[in-house]
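# An overview of the molecular structure
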Amino acid sequence: MTWRERWIQAWPYALIAGVLIAFYYQIVLVQGAWLVADHAEQHFPWAYYLAQHIKQGILPFWTDQIHAGFPITAEGQIGTFYLPNLFFYYFFPIREGYAWNIVFHLLLSGLLMTRYLKSLGMGNRATFFGTMVYMFGSTLGGAYYNITSLKVLTWFPLTLMLADSLVLRTSWRWAKCVTLGFIFALQLLAGYQQFAAYAILFTGLYLLFRLIESPDRGIGKTIQLGLGYVLAVAISAAIAFPQLYLMFELAMLSNRADPQEGFAYVGSYSPLAMICLFFPSLEGFFVSKLYLGILPVFFIIASFFIFKKSKHKTVYFLVLLALLLALGRYSPLYVLIIKVFKFYSFRTPVKFIFFAGFFLSVLSAFGMHWLLQLQKNQLQPRIGKIYIGLLIAMTLCTIVSYMVFRYFQEPLYQLGERLLKAMIYGHPGHPFSWEHYQDKLAHKLESGLRLLDPRGKIIWIPVIKMVLSGALISFFLNGRLAKGIFYAAVLVILSGDLNFTYSDIRGDYAPYESFFWKIKNNRISRSEFKGEPLFQLFA
């Protein structure tokens, strides 16, 4: 293979790595890290605490620096047994170790996603586009919760590739099951076990659906792959047993030991939150957002035009499934699962939004790959009409909503009170007083009027992006733009568009010196911390 051929194969990886290093250069250079909110209150102090101990050859199972004492390893988020944590915190000073641990997982996420898309047959341009949507959309850029969930979800593309390998190849099948079990164990040990459980579940569903798609499926192969998946889960449970056992003991002493059914519905994703696909700053109304950029929605729509001939229908089904599960109390499927299995200990079903965003990012790559292969006479302008019609409909929804908030405040308040009584006040996971929820409702109505005002940038900036995107799509589908120019324009608009989630990530960043100065000078109130987390370590 010539150097040119190697570069053609490698440029998506190199470009993704370059973009991530350039974007996170402050963390790469150890000028700062994620040191805001939960990262300041928990994750960095715990990383510091873990680093102190493992450098002395000790694993910290208990700390006397949280309340009267706390089983810190049993809590799970510290990631005492997670191998990358042990490596970075043992071999590097804490500032470098904490910062480069973040960079390692971000780079690995991007490279694994790139490899996964290429394994699905995507071209280089579609691969780079899909990875950018994934890395800088809300899926990884804003909805990853914190560093522990990032560490779990980093490995997800790799588990899907192993699942594909199990279905499509017969050689080394059991060795691949063992490898899959080891990766599952890393996810269980990374610090966010609920996300790990969901990731393992979705890998199993992916394996099942890919087997159904396989042309040589049969009873023997089904049983073999089923046993292989069970073996992988068993291996992961065996490796992660110390962590799982300690967590189970602690959970049995918490409110998760015997929760009510309503606990499983806390943090459901409202169907109305889908408006955030177009107006991301309206997220203040909802538990979380799903935003991948205005243009990727077009390519997702385009991907459904090739559904019938697609060799990867699994991705489409898992998008739908993830969305249905994220809806929680609003989804008959989720409610049915909860009532059948009677497992109530996992709340915030909105976490499933990550998997919806992941597979939608893959669909955006599908759509891009297909459109770049078409000749001018094969382009289908009706895709553009559907897309532009959707943009107009979403814009009209915001205008109508603004009129309702402006002229029907009293009926809205009365409706809100009825919904509070029916779904929130006095229900599991909602321990506050009635006055507290009334104040929050009044604040929601006030902020709604402000957020939905068409004169505000929260509305008009997305509308401008919609106009630019619609014009670009129209020119391309009418054969007035060459593919190379179109692709370059898409990347330019995408980069500017995803600046919203860039700011989400930047909001978690703080310089080390600023953080330590605030600690030393007691400028961070202890009331901001969850349970006095190792505050005195930084005095």
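See above for the structure.
To start, this report covers the structure provided alongside it. All residue numbers refer to position in the chain's written sequence, counted from 1. pLDDT decides what is reported in this predicted model: residues at 70 or higher carry local features, side-chain atom pairs at 80 or more are listed and counted, and totals for whole chains, interfaces and linings draw on all residues regardless. No hydrogens and no water enter the side-chain calculation; it runs on all heavy atoms of the structure.

Moving on: empty space enclosed by the protein. Grid points spaced at 1 Å and placed over the protein atoms alone form the basis of the search, with a cavity being a set where a 1.4 Å probe fits but cannot get out and a pocket an open set showing protein on both sides within 12 Å along at least five of seven lines. Lining residues have an atom within 4 Å of a point. Grid points are joined across faces, edges and corners, and a volume is the space filled by probe spheres set on the points. As enumerated under the stated definition, the model contains one cavity of 30 Å³ or more in all. The calculated volume of the largest cavity comes to roughly 80 Å³. Around the largest cavity, the lining residues are His43, Trp46, Ala47, Gln77, Ile78, Asn85, Tyr89, Tyr98, Ile147, Thr148, Lys151 and Ala190. Comment: elements are numbered from the N terminus, with helices defined as DSSP H or I runs of at least four residues and strands as E runs of at least two. When contributions to the lining of the largest cavity are tallied by element, the ones reaching two or more residues are helix H3 (38–54), helix H5 (83–91) and helix H9 (147–153). The residue makeup of the lining of the largest cavity, split by class, is seven nonpolar, four polar and one charged. In this count, Pro and Cys sit with the nonpolar residues alongside Ala, Val, Leu, Ile, Met, Phe, Trp and Tyr, while Asp, Glu, Lys and Arg are called charged and the others, Gly among them, polar.

On the surface, a cluster of nonpolar side chains totalling about 730 Å² of accessible area is made up of Ile392, Leu396, Ile399, Val400, Met403, Val404, Tyr407 and Phe408. As for its placement among the helices and strands, Val404 is situated in helix H19 (residues 381–407). Patch building starts from residues that exceed 30% relative accessible area and form no salt bridge, then joins like charges within 9 Å and nonpolar side chains (Val, Leu, Ile, Met, Phe, Trp, Tyr) within 5 Å. All accessibility values rest on the Shrake-Rupley procedure with a 1.4 Å probe; residue burial counts only the protein chains present in the view. Any Lys or Arg side-chain nitrogen located within 4 Å of an Asp or Glu carboxyl oxygen qualifies as a salt bridge.

Counting 166 residues, the largest nonpolar core has Trp34, Tyr98, Tyr116, Phe355, Phe358 and Phe359 as the members making the most contacts within it. Looking at this core element by element, the count peaks at 15 residues for helix H18 (residues 353–373). Discounting residues that sit within four places of it in the chain, Tyr98 has contacts with Ala33, Trp34, Leu35, His39, His43, Phe44, Ala47, Tyr89, Ile147 and Tyr512. Residues belong to a common nonpolar core when they are buried Ala, Val, Leu, Ile, Met, Phe, Trp, Tyr or Cys residues joined through side-chain atoms within 4.5 Å. Exposure classes here rest on a 1.4 Å probe applied to the protein chains alone. A residue is buried below 20% of its type maximum, exposed above 50%, and partly exposed in between. Whether two residues are in contact is decided by their heavy atoms: any pair within 4.5 Å suffices.

A few words on the layout of surface pockets. Empty space left among the atoms is revealed by rolling a probe the size of a water molecule over them. Computed from the structure, the second largest pocket encloses a volume of approximately 1,700 Å³. If you go around the second largest pocket, you meet 40 residues; those closest to its centre are Ser270, Phe285, Phe286, Tyr330 and Lys444. Elements supplying a minimum of two residues to the lining of the second largest pocket: H19, helix H20 (409–423) and helix H21 (434–451). Here the residues of the lining of the second largest pocket are counted per class, giving 27 nonpolar, 10 polar and three charged.

Here helix H1 (residues 3–23) is 21 residues long and its end C-alpha atoms lie 28 Å apart, about the 30 Å a rise of 1.5 Å per residue gives. Here the bend at a residue is taken as the angle between two axes, fitted respectively to the seven residues that end there and the seven that start there. Approximately 55° is the largest bend angle found in H1, and it occurs at Ala10, with the proline Pro12 only one to four residues beyond. All of the buried residues in H1 are Trp11, Pro12, Ile16, Ala17, Leu20 and Phe23. By this rule the span expected of a helix is its residue count minus one, scaled by 1.5 Å.

Between the first and last C-alpha of H3 there are 23 Å, a value that for 17 residues agrees with the 24 Å anticipated at 1.5 Å per step. Burial analysis of H3 places 15 of its 17 residues in the buried class, which makes it a mostly covered element.

Per the counting criterion, the structure on display carries six salt bridges. Across the salt bridge formed by Glu261 and Lys339, the nearest N and O atoms sit 2.9 Å from each other. Of this pair, Glu261 sits in the loop between helix H14 (241–251) and helix H15 (294–303) while Lys339 sits in helix H17 (residues 332–341), placing them 78 residues apart in sequence. Taken together, the shared-partner salt bridges connect Asp164, Arg210 and Glu213 into one network.

Now for the packing of H18 against helix H23 (residues 483–497). It is at 10 Å that the axes of H18 and H23 come closest, and there the two elements cross at 155°. In terms of axis orientation, H18 runs roughly antiparallel to H23. H23 is crossed by H18, and the crossing has right-handed handedness. Residues Met368, Leu371, Leu372 and Gln373 of H18 form the contact with H23, whose participating residues are Lys483, Tyr487 and Val490. Here the residues of the contact of H18 with H23 are counted per class, giving five nonpolar, one polar and one charged. Lines fitted to C-alpha atoms define the axes here, with helix axes fitted over just the stretch in contact, and angles between the N-to-C directions of these axes take values from 0 to 180 degrees. What sets the label is the angle itself: under 35 degrees gives roughly parallel, over 145 gives roughly antiparallel, 65 to 115 gives roughly perpendicular, and the rest give oblique. Rotating anticlockwise by less than a right angle from the far helix to the near helix defines a left-handed crossing, while the corresponding clockwise rotation defines a right-handed one.

Backbone geometry places Lys342, a non-glycine residue, at a positive phi of 55°. Mapped onto the elements of the fold, Lys342 is located in the loop between H17 and H18. The backbone phi angle of Thr348 is positive, close to 50°, even though this residue is not glycine. Checked against the element boundaries, Thr348 lands in the loop between H17 and H18.

A pair of sulfur atoms, both from cysteines and within 2.5 Å, is called a disulfide here. All chains considered together, the criterion is met by zero disulfides. No disulfide involves Cys276; its sulfur sits 13 Å from the nearest other cysteine sulfur, which is in Cys397.

Geometry of aromatic contacts follows a simple scheme: Phe, Tyr and Trp rings, the Trp one being its six-membered ring, pair when their centres are within 6.5 Å, and the pair is stacked under 30 degrees between planes, edge-to-face over 60, tilted otherwise. The full count for this structure, using the stated rule, is 54 aromatic pairs. Ring geometry for Phe156 versus Phe359: centroids 6.0 Å apart, planes at 80°, classification edge-to-face. Separated by 203 residues along the polypeptide, Phe156 in helix H10 (residues 156–168) and Phe359 in helix H18 bring together distant segments of the chain. In this pair, the class of Phe156 matches that of Phe359, namely buried. A centroid spacing of 5.0 Å and a plane angle of 75° characterise the contact between Phe298 and Phe299, whose relative ring orientation is edge-to-face. With respect to class, Phe298 is no different from Phe299; both count as buried. Sitting above the plane of the Tyr487 ring, Arg125 keeps its charged end 5.5 Å from the centroid. Sitting above the plane of the Phe307 ring, Lys313 keeps its charged end 5.6 Å from the centroid. Whether a charge sits over a ring comes down to the Lys NZ or Arg CZ being within 6 Å of the ring centre and within 35 degrees of the ring normal.

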